[in-house]
Amino acid sequence: MMDPSKMTVARLKEELDALGLSTTGKKEELYERLIEALDRSDDDDEEEEEEEENDENDPEPSPAPVKKTSRRAAPKAKKADAVKVEEAPARSSRRALRANR
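The shown structure was predicted, so the numbers you read here are calculated from the model rather than taken from an experiment. (Residues numbered from 1 in each chain as written. Predicted model: local features only at pLDDT ≥ 70, side-chain atom pairs only at ≥ 80, totals over all residues. Heavy atoms only, no water.)

Okay, the overall build of the protein next. Looking only at helices and strands, one finds three helices and zero strands in the protein. Starting at the N terminus and ending at the C terminus, the protein contains elements arranged as α-α-α. A burial count over the protein gives 8% of its 101 residues as buried. The long-range share in the protein, meaning contacts at least 24 apart out of those at least 6 apart in sequence, stands at 18%. Summed over its atoms, the accessible surface of the protein is roughly 9,600 Å², and 48% of this surface lies on carbon and sulfur atoms. (Helix = DSSP H or I, 4+ residues; strand = E, 2+ residues; numbered from the N terminus. Buried < 20%, exposed > 50% of the residue type's maximum accessible area, 1.4 Å probe, protein only. Contact = heavy atoms within 4.5 Å. Areas by Shrake-Rupley, 256 points an atom, 1.4 Å probe, with all protein chains shown as cover.)

It is worth spelling out the nonpolar core at this point. Membership of the largest hydrophobic core is limited to five residues, which are Met-7, Leu-12, Leu-16, Leu-30 and Leu-34. If you list the elements that add at least two residues to this core, you get α1 (9-18) and α2 (27-57). Ignoring sequence-local partners within four residues, the contact set of Leu-16 consists of Leu-21, Ser-22, Thr-23, Leu-30, Arg-33 and Leu-34. (Core = buried A, V, L, I, M, F, W, Y, C linked by side-chain atoms within 4.5 Å.)

Now for α1. Within α1, burial applies to Leu-12, Glu-15 and Leu-16. The arc that holds every buried residue of α1, seen down its axis, measures 100 degrees, which confines them to one face. In this structure, α1 carries Ala-10, Asp-17 and Ala-18 as exposed residues pointing more than 90 degrees from its buried face. Looking one or two places after α1, you find Gly-20, whose phi comes out positive at around 75 degrees. (Arc of directions from axis to C-beta.)

As a further point, take the environment of Glu-29. Here Glu-29 is to be found in helix α2. Residue classification places Glu-29 among the partly exposed positions, given a relative accessible area of 43%.

Moving on: the side chain of Glu-15. Among the structural elements, Glu-15 can be located in helix α1. For Glu-15, a relative accessible area of 13% gives the class buried. With sequence-adjacent residues up to four places away left out, Glu-15 is seen in contact with Met-1, Met-7 and Leu-34.

Below, the discussion takes up the confidence of the model for the protein. Taken residue by residue, the protein gives an average pLDDT of 75. The fraction at 70 or more is 56%. Between the elements of the protein, mean pLDDT differs from a low of 55, seen in helix α3 (residues 79-100), to a high of 94, seen in α1. (pLDDT = per-residue confidence, 0-100.)

Laid out in structure tokens, this is it:
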């Protein structure tokens, strides 16, 4: 950006509009408004830089401890259940044999 004191009224208005500020008034008012906005912007930039420097100097917080939970294995199928599954086809085979007699 060029020096605000050397800007035309049209250029001052463009810069103020880009900053979301009012573009009404005489050249001197526009100039003052732009200078104030730029000063505030510079102050904000300095504060952000200071905050970043402070953040860099602060030690990283340690992570929160992780609560351990026990995981129980799902209960295994009982042998009796497995036997019943195996018996089922055998019973139907017996019925088929009896029906054929």
